[in-house]
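Overview (structure and organization)
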Amino acid sequence: MERFAFFPGCLVPARYPAMEFAIRQSLLKLGIEIVDLEGTSCCPDPIYFKSKDKLSWLSVAARNLCLAEKTGVDLFTNCSGCTATLSEAWHLLHEDEELREKVNRRLAKIGMEWKGTSKVRHIATLVRDFVGYEKISETVVRPLDGLQVAIHYGCHLLKPSNIMKVDDPNDPSMMEDLVRALGADPVRHRKWYLCCGKACTDEDLPSNMMRDLLTTVRDEQAELLCLICPTCFGQFDHGQMRIAKLFEEDFSTPPVYYFQLLALAQGEPYENLGFERQRFKPECLKRFEIQEPVEEATS
Amino acid sequence: MAAEKGRAAKGGAAKGTASKGGKADIVHVDFAFKRELAEKIEGNLASFCYQCGACVGDCPAATYTDDFNPRMIMLKVLYGLGEELIGSESLLWECTNCYNCAERCPQDVKPVEVIISMKNMMADRGIYPEGVEKVINTFETTGRTVPMSSAVDKQRARFGLPPLPPVPMEEIQALIGPAPATGEE
């Protein structure tokens, strides 16, 4: 079994524990062993705390990386924001010797040193590279046949591409392939490249942007919007309610975190996955429970 | 450098100005602003901007507002027009942090990082939007952006997950304090 250190961040464990539950269920079935980290903090977030002081932001990120280094394995995140912070921190510390020395002087105060031995991966990249689409399909007992899944990549999984090195930022295919592995049909709507808008403190700008994005998802008649970031999720769930009211328009597009979709396809009952806590509930998924799960995963 | 920084900080926003209305618009470049920005991580990158405008086309903030334009922001940085960039009504907060500008820039300027560095300068002067300050305070006091609570642990228990462990705050505080404005490394 491949082992990876789990960096949970803030949003998933505290606000969306259903996502953490799904991750733990599904990785086990994919043959990935989770090594839990002790004493992690916020990554820290790449928008607010980074805006206060980049050097402090980098130092706290380096501390989180050191915690993974102690376990001797690479680290994975479940949030694109954590991925952005930890990947960028790793990159800066690796490239810039002067900065590395500055940060390591701070870390020395708490008896740590960043060495760069644990690399950073988003969980979506982890399952693509260490499990593979075929093996993901083999764990599916309830194929999501015919389900129309709109894709939201978000920003920080792909960009900056020279640091992330995940996929072509102008024409990615990874999430489509992950969705296909569950038997569903990916829908790349026209505004797929837009940002969720959460990091922007303006009010009108993100509202207009999300309205455009959700309009194209609706035009494509997608049944849900699949994403891999809890921040984007919050925007499209709570935020969707706000803009539906603002524009007096009904988008009715439930957002779903990919690993909850995976857990469901792997046989986890709908009611165990916490969907009832969403403002827009993906009830379209209930139709896959009518069929009896296939006894054994086909291989 | 430290002395320059001290002077700029004391005067509030740095003093770059563009005077208009004469025969020609005269810009007084404020080098103190630029030097202070260059002290921030990747704040010096703006110097390499040659104003091609590649950053504008894919910028969501430029698409969805009239006033936000990353090329213009980089031009103001080149001139050191600090007051127009980092005042209390700063439009830098309209940036969505999507990194499209960094993807498109042929000069590796990373406008988004230069913008974040200018936000660091605003923070040194105590200028934050209210919502931003709230998140920062939550992190600095709890080590998380969503603090632990009994309600959170109850939700976690529903999914068979253990309570959230506390963050060793003495370690976090050793890393982030004292305030960076004092020049401590």
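Residues numbered from 1 in each chain as written. Chains lettered and ligands numbered in written order. Predicted model: local features only at pLDDT ≥ 70, side-chain atom pairs only at ≥ 80, totals over all residues. Heavy atoms only, no water.

All names here are of chain A. Here strand S7 (residues 224-227) shows no split at all, with Leu224 and Cys226 on one side and Leu225 and Leu227 on the other all buried. Examined bridge by bridge, strand S5 (residues 148-151) and S7 share three bridges and lie parallel to one another. Considered in S7, the bridge of isoleucine 151 is made with cysteine 226. When S7 meets strand S8 (residues 255-257), the two strands line up parallel, connected through three bridges. Bridging from a neighbouring strand, leucine 227 pairs with tyrosine 257 of S8. In terms of handedness, the path from S7 via helix H12 (residues 230-247) over to S8 forms a crossover that is right-handed. (Buried < 20%, exposed > 50% of the residue type's maximum accessible area, 1.4 Å probe, protein only. Helix = DSSP H or I, 4+ residues; strand = E, 2+ residues; numbered from the N terminus. Pairing = 2+ DSSP bridges. Right-handed = clockwise from strand over helix to strand, strands pointing away.)

The next point concerns the packing of aromatic side chains. All names here are of chain A. Inspection of the entire model under this criterion finds eleven aromatic pairs over all chains. Between phenylalanine 4 and phenylalanine 130 the ring centres are 4.9 Å apart and the planes differ by 65°, which places this aromatic pair in the edge-to-face class. You can see phenylalanine 4 sitting in strand S1 (residues 2-7) and its partner phenylalanine 130 sitting in helix H7 (residues 123-130), a full 126 residues away along the chain. Note on tyrosine 257 and phenylalanine 259: the rings are 6.0 Å apart at their centroids and 50° apart in plane angle, and the pair reads as tilted. What makes tyrosine 257 buried here is its relative accessible area of 0%. Ring-pair connections join several aromatic residues into one group, and the members of that group are Tyr153, Trp192 and Tyr193. For lysine 50, the ring lying beneath its charged end belongs to tryptophan 57, and the centroid distance is 4.5 Å. (Phe/Tyr/Trp six-rings, centres within 6.5 Å; stacked < 30°, edge-to-face > 60°. Lys NZ or Arg CZ within 6 Å of the ring centre and 35° of its normal.)

We now examine the interface of chain A and chain B. Listed as interface residues are 64 residues of chain A and, on the opposing side, 50 residues of chain B. Here chain A meets chain B over a buried area of about 5,200 Å², counting both sides, of which 61% is carbon and sulfur. Of all residues in chain A, Ser51(A), Lys52(A) and Lys54(A) give up the largest surface area on contact with chain B, accounting jointly for 14% of the area buried on that side. Taken together, the connections running from chain A to chain B amount to six salt bridges. Between Glu140(B) and Lys52(A) there is a salt bridge, with its nearest N and O atoms 2.7 Å apart. Of all elements in the fold, only helix H1 (11-15), helix H2 (17-29), helix H3 (48-52), helix H4 (54-71), helix H5 (80-95), helix H6 (97-108) and helix H11 (204-219) of chain A reach the threshold of two or more residues within the side of chain A that touches chain B. The dominant element in the side of chain A that touches chain B, judged by the number of residues it contributes, is H4(A), at seven residues. Class assignment for the residues of the side of chain A that touches chain B results in 31 nonpolar, 14 polar and 19 charged. (Contact = heavy atoms within 4.5 Å. Buried area = accessible area lost by both parts, 1.4 Å probe. Salt bridge = Lys/Arg side-chain N within 4 Å of Asp/Glu carboxyl O. Nonpolar A, V, L, I, M, F, W, Y, C, P; charged D, E, K, R; others polar.)

All names here are of chain A. On domain assignment, one finds that chain A holds domain 1 (2-123) and domain 2 (141-290). Taking only C-alpha atoms into account, the centre of domain 1 sits 24 Å from that of domain 2. Contact between domain 1 and domain 2 buries roughly 2,200 Å² in total, counting both sides, with carbon and sulfur atoms accounting for 71%. Viewed at the interface, domain 2 and domain 1 are joined by zero salt bridges. One can count three residue pairs in polar contact (both at pLDDT 80 or more) joining domain 1 with domain 2. Within the residue set of the side of domain 1 that touches domain 2, elements represented by two or more residues are H1, H2 and H5. (Domains from an automatic or database assignment. Polar contact = N/O pair within 3.5 Å; in protein donor to acceptor, adjacent residues only side chain to side chain.)

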